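Here is what each chain is made of, one letter per residue.
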Amino acid sequence: MVSEKPNVESAKADANMLEFQEDWNVDAELELMELQLAEADKIKPWLSIEIKFTKPEYFTWLLVGFASMGGLLSGLDQSLISGANVYMPEDLNLDSNQSSLVDSAMPLGAVGGALLLSPVNEWVGRRNAIMVACFLYTVGAALQAGAISFPMMIIGRLILGAGLGLEGGTVPVYVAECVTSNLRGRLVSLYQFNIALGEVLGYAVAAIFINVNAGWRYILGSSLIFSTIMWAGLVYLPESPRFLMHKGKTVEAYSIWKRIRDMNKMESKLEFFSMKRSAEEERIEESRAKGRMAWLDFFTVPRCRRAVVYANIMIFLGQFTGVNAILYYMSVLMNQIGFSKTHSVFMSLVGGGALLIGTIPALLWVDKTGRRFWAIVTLPGFFIGLLLVGFSYLIPVENLPAAEGVYITGLILYMGFFGSYACLTWVIPAEVYPTYLRSYGMTTSDAMLFLCAFVVTYNFTRMQEAMSRIGLTIGFYGGIAVLGWFYQILFMPETKDKTLEEIDIVFSQPTGQLVRQNLHNSVETMKDLAHFRFRKIAFGEESVKKEEGAEQA
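Residues numbered from 1 in each chain as written. Predicted model: local features only at pLDDT ≥ 70, side-chain atom pairs only at ≥ 80, totals over all residues. Heavy atoms only, no water.

Participant: Give a detailed account of the overall build of the chain, specifying residues and quantitative values.
Facilitator: Across its full length, the chain carries 27 helices and zero strands. By sequence separation, contacts in the chain at least 24 residues apart represent 83% of the contacts at least 6 residues apart. On the chain, roughly 22,200 Å² of surface is accessible, and the fraction owed to carbon and sulfur atoms is 65%. (Helix = DSSP H or I, 4+ residues; strand = E, 2+ residues; numbered from the N terminus. Contact = heavy atoms within 4.5 Å. Areas by Shrake-Rupley, 256 points an atom, 1.4 Å probe, with all protein chains shown as cover.)

Participant: Could you give an account of the pattern of salt bridges, with specific residues and numbers?
Facilitator: For side chains bearing opposite charge, pairing can occur when the charged atoms are close. According to the stated counting rule, one finds ten salt bridges in the structure shown. Arg 371 is the salt-bridge partner of Asp 367, the closest N and O atoms lying 2.9 Å from each other. Each member of the pair, Asp 367 as well as Arg 371, is classed as buried. In this structure, Glu 524 and Lys 527 form a salt bridge, with 3.7 Å as the shortest nitrogen-oxygen distance. With Glu 524 and Lys 527 both in helix 25 (residues 511-530) and three residues apart, this pair spans about one turn of that helix. Classification of Lys 527 by relative accessible area gives partly exposed; the value is 43%. Connected through shared salt-bridge partners, Arg 126, Glu 177 and Arg 438 make up one network. (Salt bridge = Lys/Arg side-chain N within 4 Å of Asp/Glu carboxyl O. Buried < 20%, exposed > 50% of the residue type's maximum accessible area, 1.4 Å probe, protein only.)

Participant: Lay out the packing of aromatic side chains with the relevant residues and their values.
Facilitator: All told, the structure shown has 16 aromatic pairs when counted by the stated rule. Grouped by ring-pair contacts, the aromatic residues Tyr 254, Trp 257, Phe 272 and Phe 273 constitute a single cluster. One cation-aromatic arrangement involves Arg 261 over Trp 257; the distance from NZ or CZ to the ring centre is 4.3 Å. (Phe/Tyr/Trp six-rings, centres within 6.5 Å; stacked < 30°, edge-to-face > 60°. Lys NZ or Arg CZ within 6 Å of the ring centre and 35° of its normal.)

Participant: I'd love a proper account of the environment of Ile 357, names of residues and values included.
Facilitator: With respect to the element layout, Ile 357 can be found in helix 19 (residues 341-369). Here the alpha-carbon distance between Ile 357 and Phe 417, two residues 60 residues apart in the chain, equals 9.3 Å.

Participant: Quick rundown of helix 6 (residues 96-124)? Include the residues and the values.
Facilitator: In this model helix 6 runs 41 Å from its N-terminal to its C-terminal C-alpha over 29 residues, within 8% of the 42 Å that 1.5 Å per residue would give. Of all the bends found along helix 6, the most pronounced is centred on Ser 104 and spans about 40°, while Pro 107, a proline, follows it within four residues. The backbone nitrogen of Asn 97 has a side-chain oxygen 3.1 Å away, supplied by the residue at the start of helix 6, namely Asp 95. Immediately beyond the C-terminal end of helix 6, within one or two residues, lies Gly 125, with a positive phi of roughly 95°. (Expected span 1.5 Å × (residues − 1). Bend = angle between axes of the 7 residues up to and from the residue. Polar contact = N/O pair within 3.5 Å; in protein donor to acceptor, adjacent residues only side chain to side chain.)

Participant: Can you tell me about the confidence of the model for the chain, naming the residues and giving the values?
Facilitator: Caution applies to low-pLDDT parts of the model: their predicted coordinates are not meant to be read in detail. For the chain, per-residue confidence averages 81 on the pLDDT scale, and residues scoring 70 or more make up 85% of the total. Per-element confidence in the chain is highest for helix 7 (residues 126-145), whose mean pLDDT is 92, and lowest for helix 1 (residues 8-23), whose mean pLDDT is 46. This model gives residues 2-23 a pLDDT under 50, and the stretch forms 38 contacts once residues within four places in sequence are excluded. (pLDDT = per-residue confidence, 0-100.)

Participant: An account of the side chain of Thr 495 is needed here, citing residue identities and associated values.
Facilitator: Position of Thr 495 among the secondary structure elements: in the loop between helix 23 (460-491) and helix 24 (500-506). The class for Thr 495 is buried, based on a relative accessible area of 1%. Only 3.5 Å separates the side chain of Thr 495 from the side chain of Arg 371, close enough to count as a polar contact. Side-chain polar atoms of Thr 495 contact the side chain of Glu 431, separated by 2.5 Å.

Participant: With reference to specific residues and values, describe unusual backbone geometry.
Facilitator: Despite not being glycine, Asn 93 shows a phi value in the positive range, around 55°. Locating Asn 93 in the fold gives a position in the loop between helix 5 (88-91) and helix 6. A relative accessible area of 66% means that Asn 93 is categorised as exposed. The phi torsion at Ala 214 lies on the positive side, around 55°, for a residue other than glycine. The topology assignment puts Ala 214 in the loop between helix 9 (181-209) and helix 10 (215-221).

Participant: With reference to specific residues and values, describe the packing of helix 20 (residues 371-392) against helix 21 (residues 400-432).
Facilitator: At a minimum axis distance of 7 Å, the contact between helix 20 and helix 21 shows a crossing angle of 150°. It follows from the interaxial angle that helix 20 and helix 21 lie roughly antiparallel. Pair helix 20 / helix 21 crosses with left-handed handedness. Residue classes in the contact of helix 20 with helix 21 are distributed as 21 nonpolar, seven polar and two charged. (Axes fitted to C-alpha atoms, helices over the stretch in contact; angles between N-to-C directions. Parallel < 35°, antiparallel > 145°, perpendicular 65-115°, else oblique. Left-handed = near helix turned anticlockwise from the far one by under 90°. Nonpolar A, V, L, I, M, F, W, Y, C, P; charged D, E, K, R; others polar.)

Participant: Can you break down a nonpolar patch on the surface residue by residue, with the values?
Facilitator: A grouping of Ile 357, Ile 360, Leu 364 and Trp 365 is seen on the molecular surface, where their side chains present a nonpolar patch of about 380 Å² in accessible area. Along the chain, Trp 365 turns up in helix 19. (Patch = residues over 30% accessible without salt bridge, like charges linked within 9 Å, V, L, I, M, F, W, Y side chains within 5 Å.)

Participant: Please set out helix 7 residue by residue, giving values where relevant.
Facilitator: Two residues of an α-helix separated by three or four positions point the same way, owing to the 3.6 residues in each turn. For helix 7, built from 20 residues, the straight-helix expectation of 28 Å at 1.5 Å per residue is met to within 8% by its first-to-last C-alpha distance of 29 Å. Helix 7 sits mainly inside the fold: 14 of its 20 residues count as buried.

Participant: Explain the environment of Arg 127 residue by residue, including any values.
Facilitator: With respect to the element layout, Arg 127 can be found in helix 7. Residue Arg 127 is classed as buried on the basis of its relative accessible area, which comes to 1%. As for Arg 127 and Val 171, which are separated by 44 residues in sequence, their C-alpha atoms are 8.3 Å apart. Engagement of the side chain of Arg 127 in a polar contact is seen with the side chain of Asn 128, the distance being 3.0 Å.

Participant: Give a detailed account of the side chain of Ser 74, specifying residues and quantitative values.
Facilitator: With respect to the secondary-structure elements, Ser 74 resides in helix 4 (residues 69-84). In this structure Ser 74 comes out as buried when scored by relative accessible area, which is 2%.

Participant: Could you give an account of the packing of helix 4 against helix 9, with specific residues and numbers?
Facilitator: Across the interface, helix 4 lies against helix 9 with an axial gap of 6 Å and an inter-helix angle of 35°. In this structure, helix 4 crosses over helix 9, and the sense of that crossing is right-handed. Within the contact between the two elements, helix 4 uses Met 69, Gly 70, Gly 71, Leu 72, Ser 74, Gly 75, Leu 76, Gln 78, Ser 79, Leu 80, Ser 82 and Gly 83 and helix 9 uses Tyr 191, Asn 194, Ile 195, Leu 197, Gly 198, Glu 199, Leu 201, Gly 202, Tyr 203, Val 205 and Ala 206. Along the lines of polarity and charge, the residues of the contact of helix 4 with helix 9 split into eleven nonpolar, eleven polar and one charged.

The structure is reproduced here in C-alpha cells:
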C-alpha cells in the first residue's frame, strides 16, 4: 500500500543525470561563471545585506528559520480569534451572523491574498513578497486591536487575511527552492511546525489577557510584534536562486547558490547546472508560446494538469476534515461540552499543544518514510479522533467528566494526526509544479486552502444546526477522511529524495500507469504486513538494503 518500489521514473532520472554529465563540462562551466561573477557588478536585491557563514548549511538553516517564522504568524493569527471570541462579540455588539463573518473574514481575505500571490511573486520575487505580507499583517493587526465597530473589525481581518494568503503560498516555495532534495520535506514541514507553535502561542496569549479589561484588543494586536521581527530578519536574506534563474539572472543566482550550497561537492554543481538547463528549456518553451497565457498549461499540458489536481485535492482533504472550524471555534466548542468560558480558553491549549506535538514526527521522518506513506498512515487518525469527539456529545450532561474526557481524548488524537498530515499540504504544492508555473500553481493551491477554510468556518454554525454536532463531526468530516484515504492509496505518487527537476518526470507519466503501480505496491505492502516487515513498509526496500549494507560493512 505504501512501500516504495524501484520504478521507471527513477531510472529515467538517473539516465538523464548521466547524459547531463556527459553533455556538460561542469568545471569549465563553473570557471566561466566565476569569471562572469568577478566581472559583473554585484546586483543586490532591494534592502539586501549580504551575510556569510563558514558552512553553507548554517546559512540555509538561518534562511529556513526566518522564512518559516511566517508559519508562526499564520498560526498565531488563526488561534488568537478563538480567545477573542469569548468577549469581543459582546463588546462590539455583534450578532451571531456578524460574529461568524468576523471569524471567517480572515480566510476570505486570504483568498484575495492568494490571488495576489502570482503577480507579486513574479514582479518582486519570493523574498520581497514575504516582506509585503509582513506589512499587511502589521496593518491588519493594528486595525483589529483598535476596532470600534463591525466594519472596522472586518477590514482589519480582511487585510490580515491578505497577508496570510500571500505569505502562506510564498514561504513554502521559497524554502523548497533553496534547500537540498534530501531535506526539502523536513524543512518545508518546519513551516507547519511553526504554524502549530504559533497556534499554541496564540492560545497562551489569549489565556494571559482573557481576564484583562478589553483584553481581546491585546490578544488580537499581539501579532504586531512578530510581524515586525520577521520583516527585520528578511532584510538579511537573499532571493531564491531558482526564481533568479527563472528570470534569466544566472550570475546573481550563482552568487546566492554559493552561499547556500557546498560547491566542493559534485552534486551541488550538477544541481545548479541542471537548474540552469531546466530554466533555459522553460524559457524556450515560453518564447514559442509567446502571446499565450502560461497558466493555460494547467488545462492543456498533462504533466501540469496532474500536478494542479493532485496538489489541490491534498489541500481539500486537509481542510474539509474540519480543522479550521475546530481551531477558530475551539473555545466555543469547549464551552459547549461543559467547560466555563475562562476554562475553555485555557483548555484550548490542549488542542494547540497536540497539533504542535503532531508536527514533530513529520519533521523528523517525512523525508525518510516518504510523502505517500505519511499521508496514508495519518489520515485514519483523523477519523478515530472525530469518532471520539462525536461520541462525546452523546454522553449525558450528568456525566460531565466522562464527556469532557472523551472529547479531550478525541481532540488530542485529531489535532495530533492533523499536525503530521498538514505538513504535506505545504510540502506537496511547493514541490510538484514546474518552475515556470510555480507561482501560478501556488496561487491556485493557496486560494484553494483559504477558500476551503472560509467555507468550512463560515458555515460551521449552520452546518452544526442542520446536521447536528454528531452528524457534522462523524458523518461529514469523518466521511471525507475515509474517501480521502482511498484516493491517496490509488492516486498519490511518491516524490521523496527527488530534485524539483526530477519530479517533472514523475508527473509526466500517465495517471493509469501511476494507479497500476500503486495497486501493485499496495499488494506488496499487504504481503509485507503479513510477514511483519514494518521497516520495509515505512522506509522502502532500497533504504532497508542500504542500512543492512552499512551494518555489514
